[in-house]
Amino acid sequence: MRLLDASGIRKVFDLAGSLDDPINLSIGQPDFDVPDQIKDAAIDAIRRGLNRYTPTQGMVELRDRISAGCAEEFGWGDEKGYLVTSGVSGALLLAILTLVNPGDEVIFTDPYFVMYSHLVNLSGGVPVPVDTYPNFRPDPQKIADAVTDRTRMVIINSPCNPTGAVYTAGELRDIAQVASKRDLLIVSDEIYNLFCYDEPFVSMASIYENTLLMRGFSKSYAMTGWRMGFCVGPKSIIEKMTMLQQYTFVCAPSMAQAASISAMDAEVSDHVSDYRRKRDMVFDALEEAFGLIKPCGAFYAFVPAPGGNATAFVEKAIANNVLIIPGNVFSGRDTHFRISYAASDEKLRQGLDILKSLA
Ligand code: PLP
């Protein structure tokens, strides 16, 4: 626990608390609401009495939908294990506690989703971040150089939080080739898979057999508070994760599971188009003034801070009523800041104007 630290992000939220009506570009969740059909399905589930524990591995109907989806997308069947989790966070916690022994190393690209390093530390493992600056493309040679006898897994996250990078099929194949030399497990965090703006999304699971796939409902359907996700992969691993879920989360929330079945039929392409347009707004506004590299997915841009000091720039932005997050929250470096464009056009425009004037 001593290695865990939430001070960077807390500082932003504390400063935010002191502002009356901030332009908040720090939030990691969609600004649209849960589609009505999903809300109705949850209400209906509660009324029908689906308020009790479900099987630890998830409701049969939902797991059937997930496995049908995986059969269609990857040709997977019963040889894989399927587990419904409390968000992708739940899947990450279970996977890391299940697999990482003290001293084991876990490779992931830097900048990274904060939880990776903290969960690896929690399990007694060693986080091994691999630098992807300045363009946030994964370098297979750097990943290969980071592999040691203690490497337990490689986590990849495309589309990426915080950079918005989306890995190409070629890049995924290169990473898979490095992993395959030692048959290393790849954990593929695909929580932003629907938010790809320029090219179709490619999953590591379609390329590399030894993949533990994680997907969620939080971002795709704006269900962040419902705590729903799932994990599919090697049966032996999923079985152990299921056992650990039995003694921790017990199961994902029952009504949210029932509603997630209906979420899988929900259409969110209008929202994705909307975020593509907002991504363009951000890129057009910040490319020249900041030297921003175009983000292709999720709903974040990771922007070089003027003078290379993100914390100083973020403090200045907050003093001017704009909330953004310094890069050191997501990285060993503090040279960039994260902006989330999951905000109204009006707020986003105001925020971009202020950031530009500060630059
Ligand atoms: N993975 C990434 C890359 C994320 O950005 C997030 C949330 O911000 C999560 C996982 C966790 O999402 P949840 O637990 O809501 O499914």
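Residues numbered from 1 in each chain as written. Predicted model: local features only at pLDDT ≥ 70, side-chain atom pairs only at ≥ 80, totals over all residues. Heavy atoms only, no water.

So, about the packing of helix H2 (residues 36-47) against helix H9 (residues 254-263). Here H2 crosses H9 at 145°, and the two axes come no closer than 8 Å. Along this stretch, H2 crosses H9, giving a crossing that reads as right-handed. Contact with H2, carried on its side by Gln-37, Ile-38, Ala-41, Ala-42, Ala-45 and Ile-46, involves Met-255, Ala-258, Ala-259, Ser-262 and Ala-263 of H9 and no other residues of that element. (Axes fitted to C-alpha atoms, helices over the stretch in contact; angles between N-to-C directions. Helix = DSSP H or I, 4+ residues; strand = E, 2+ residues; numbered from the N terminus. Left-handed = near helix turned anticlockwise from the far one by under 90°. Contact = heavy atoms within 4.5 Å.)

The next thing to look at is the pairing of strand E4 (residues 126-131). As judged from the 6 bridges shared by strand E3 (residues 105-110) and E4, these two strands associate in the parallel manner. Bridge pairing in E4 links Val-106 to Pro-127. For the segment spanning E3, helix H5 (residues 115-122) and E4, crossover handedness is right-handed. (Pairing = 2+ DSSP bridges. Right-handed = clockwise from strand over helix to strand, strands pointing away.)

Attention now moves to a nonpolar patch on the surface. Where nonpolar side chains cluster on the molecular surface, the patch consists of Met-1, Leu-3, Leu-4, Leu-97 and Leu-122 and spans about 490 Å² of accessible area. As for its position among the elements, Leu-3 is in the segment before helix H1 (7-17). (Patch = residues over 30% accessible without salt bridge, like charges linked within 9 Å, V, L, I, M, F, W, Y side chains within 5 Å. Areas by Shrake-Rupley, 256 points an atom, 1.4 Å probe, with all protein chains shown as cover. Salt bridge = Lys/Arg side-chain N within 4 Å of Asp/Glu carboxyl O.)

Two strands in a sheet stick together by hydrogen bonds in their backbones, pointing the same way (parallel) or opposite ways (antiparallel). Pairing is mixed across the open sheet formed by 7 strands, whose spatial order is E2-E8-E7-E6-E5-E3-E4. What marks the edges here is a single partner per strand, and that holds for strand E2 (80-85) and E4. Taking the axes of each pair of neighbouring strands and ignoring which way they run, one obtains an average angle of 20° across the sheet. Sheet topology note: the E3/strand E5 (residues 151-157) ladder contains 4 bridges and is parallel. When the sheet's bridge partners are listed, Ile-107 is paired in E5 with Val-154.

Core analysis: the biggest nonpolar cluster contains 66 residues, and Leu-212 and Ile-324 have the highest contact counts within it. If you look at the next biggest cluster of nonpolar residues, it comprises 28 residues, including Tyr-82, Ala-205, Phe-217 and Met-228. (Core = buried A, V, L, I, M, F, W, Y, C linked by side-chain atoms within 4.5 Å. Buried < 20%, exposed > 50% of the residue type's maximum accessible area, 1.4 Å probe, protein only.)

With that settled, consider the state of the cysteines. This structure, assessed with the given rule, holds 0 disulfides. Distance from the sulfur of Cys-160, which forms no disulfide, to the nearest cysteine sulfur (Cys-296) is 12 Å. Judged by relative accessible area, which is 4%, Cys-160 ranks as buried. Here Cys-251 is not cross-linked by a disulfide; its sulfur's nearest cysteine counterpart is in Cys-231, at 17 Å. With relative accessibility at 13%, the residue Cys-251 sits in the buried group. (Disulfide = S-S within 2.5 Å.)

Parsing the protein chain into structural domains produces domain 1 (8-34 + 268-358) and domain 2 (36-263). The distance between the C-alpha centroids of domain 1 and domain 2 comes to 25 Å. Carbon and sulfur atoms make up 60% of the surface buried where domain 1 meets domain 2, a total of about 2,700 Å² over both sides. In this structure, the connection of domain 1 to domain 2 is made through 3 salt bridges. Those elements giving two or more residues to the side of domain 1 that touches domain 2 turn out to be helix H10 (269-290), strand E9 (300-304) and strand E12 (336-340). The residue makeup of the side of domain 1 that touches domain 2, split by class, is 17 nonpolar, 7 polar and 5 charged. (Domains from an automatic or database assignment. Buried area = accessible area lost by both parts, 1.4 Å probe. Nonpolar A, V, L, I, M, F, W, Y, C, P; charged D, E, K, R; others polar.)

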